[in-house]
2 protein chains.
Amino acid sequence: MDLTIIGYLAGIFTTFASLPQLIKSIKERDLSSFSLAFVLIFTTGLFLWLIYGILRNDYPIIIFNVLSLMFWVPITYLKIKEVVRNWKKR
Amino acid sequence: MDLTIIGYLAGIFTTFASLPQLIKSIKERDLSSFSLAFVLIFTTGLFLWLIYGILRNDYPIIIFNVLSLMFWVPITYLKIKEVVRNWKKR
């Protein structure tokens, strides 16, 4: 199998895996088992990958990370909202 | 800033983000807000990245994905266990 195809397949898997996660999270508004640190650091990392892709003019990296951010920015928003809500309750 | 540094920083962020997640998941044994599809597809994608890295002899890709798999294989195991447990309860 062509090496490039494995790379694209890997990118498609790790990127689009997050789509069912976003759908579930929006539906259930429950992110209690997610670590806040994970969500924040992971999304920051995706931003860094995007900057890296832009500076290197690497279109696959740009496209995969723009897509990933479209899934993870809303998940991060929902997680922060949950943490703030729980913090206010105390 | 050196481009390579941004790339490594991005890899460190997206990889080590999962460490606090693994710690939380092991402690609380709760993965209810994780989508099974996300966990399975994401971990499969990490395996594909590892294969891609090995075939291309690309050490950063190999190292980052071996580390990521060390975090995500146990998380996947815990999620599958939870799904099986809930399925037996019904």
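Going by the structure above, here's the rest.
Because the structure is a prediction, the values reported are computed rather than measured.

Visitor: Honestly, the overall build of chain A in this entry has me stumped. Any pointers?
Guide: Counting its secondary structure elements, chain A contains four helices and zero strands. Radius of gyration (C-alpha) of chain A: 15 Å, far over the 12 Å computed for a compact globule of 90 residues. When its C-alpha atoms are laid out on the principal axes, chain A stretches across 55 × 25 × 15 Å. In chain A, which comprises 90 residues, the share counted as buried stands at 44%. Counted over contacts in chain A with a minimum sequence separation of 6, partners at least 24 positions apart contribute 76%. Accessible surface, chain A as shown: approximately 5,000 Å² in total, 71% of it carbon and sulfur. The averaged location of the 5 negative side-chain charges in chain A is 14 Å from the averaged location of its 10 positive side-chain charges.

Visitor: I would appreciate a short explanation of the pattern of salt bridges in the present structure.
Guide: Opposite charge on two side chains permits them to pair, given that their charged atoms come into close proximity. Under the defined criterion, the tally for this structure stands at four salt bridges over all chains. Glutamate 82 of chain A is the partner of lysine 79 of chain A in a salt bridge, and the nearest nitrogen-oxygen pair spans 3.3 Å. Placement of both lysine 79 of chain A and glutamate 82 of chain A in helix H4 (residues 59-89) is noted, with a separation of three residues, approximately one turn of the helix. When the shortest N-O distance is used, the salt bridge between glutamate 28 of chain B and lysine 24 of chain B registers 3.2 Å. On the criterion of helical spacing, the pair formed by glutamate 28 of chain B and lysine 24 of chain B is a turn pair, its members being four residues apart in helix H2 (residues 18-28). Residue glutamate 28 of chain B is classed as partly exposed on the basis of its relative accessible area of 43%.

Visitor: Looking at this structure, I do not really get helix H4 (residues 59-89) of chain B. What am I missing?
Guide: In an α-helix, one turn spans 3.6 residues, which is why side chains three or four residues apart end up on the same side. For H4 of chain B, spanning 31 residues, the distance from its first C-alpha to its last is 45 Å, which sits close to the expected 45 Å at 1.5 Å a residue. Considering bend angle alone, the principal kink of H4 of chain B is centred on leucine 69 of chain B and spans about 25°. By the burial criterion, the buried members of H4 of chain B are Ile62, Phe64, Asn65, Ser68, Leu69, Phe71, Trp72, Ile75, Thr76, Leu78, Lys79 and Glu82 of chain B. Of the surrounding elements, those touching the buried residues of H4 of chain B are helix H3 (36-55) of chain A together with helix H1 (3-16), H2 and helix H3 (36-56) of chain B.

Visitor: Whenever I open this one, the environment of leucine 46 of chain B confuses me. Can you help?
Guide: Its place among the elements puts leucine 46 of chain B in helix H3. Residues in contact with leucine 46 of chain B, not counting those within four places in the same chain, are Thr14 of chain A together with Asn65, Ser68, Leu69 and Trp72 of chain B.

Visitor: Sorry, what's going on with the packing of aromatic side chains here?
Guide: In this description, a pair of aromatic rings is defined by centroid distance and the angle of the planes. Within the structure shown, the criterion is met by 20 aromatic pairs over all chains. Taking 6.2 Å as the distance between ring centres and 55° as the angle between the ring planes, the aromatic pair formed by tyrosine 8 of chain A and phenylalanine 64 of chain A counts as tilted. With tyrosine 8 of chain A in helix H1 (residues 3-16) and phenylalanine 64 of chain A in helix H4, this residue pair connects regions lying 56 residues apart in the sequence. Here the aromatic residues Phe34, Phe38, Phe42 and Trp72 of chain A together with Phe34, Phe38, Phe42 and Trp72 of chain B are joined through ring pairs into a cluster of three or more.

Conventions adopted
- Residues numbered from 1 in each chain as written.
- Chains lettered and ligands numbered in written order.
- Predicted model: local features only at pLDDT ≥ 70, side-chain atom pairs only at ≥ 80, totals over all residues.
- Heavy atoms only, no water.
- Helix = DSSP H or I, 4+ residues; strand = E, 2+ residues; numbered from the N terminus.
- Rg over C-alpha atoms; globule rule 2.2 N^0.38 Å.
- Buried < 20%, exposed > 50% of the residue type's maximum accessible area, 1.4 Å probe, protein only.
- Contact = heavy atoms within 4.5 Å.
- Areas by Shrake-Rupley, 256 points an atom, 1.4 Å probe, with all protein chains shown as cover.
- Lys, Arg positive; Asp, Glu negative; His and termini not counted.
- Charge placed at Lys NZ, Arg CZ, Asp CG, Glu CD.
- Salt bridge = Lys/Arg side-chain N within 4 Å of Asp/Glu carboxyl O.
- Expected span 1.5 Å × (residues − 1).
- Bend = angle between axes of the 7 residues up to and from the residue.
- Phe/Tyr/Trp six-rings, centres within 6.5 Å; stacked < 30°, edge-to-face > 60°.

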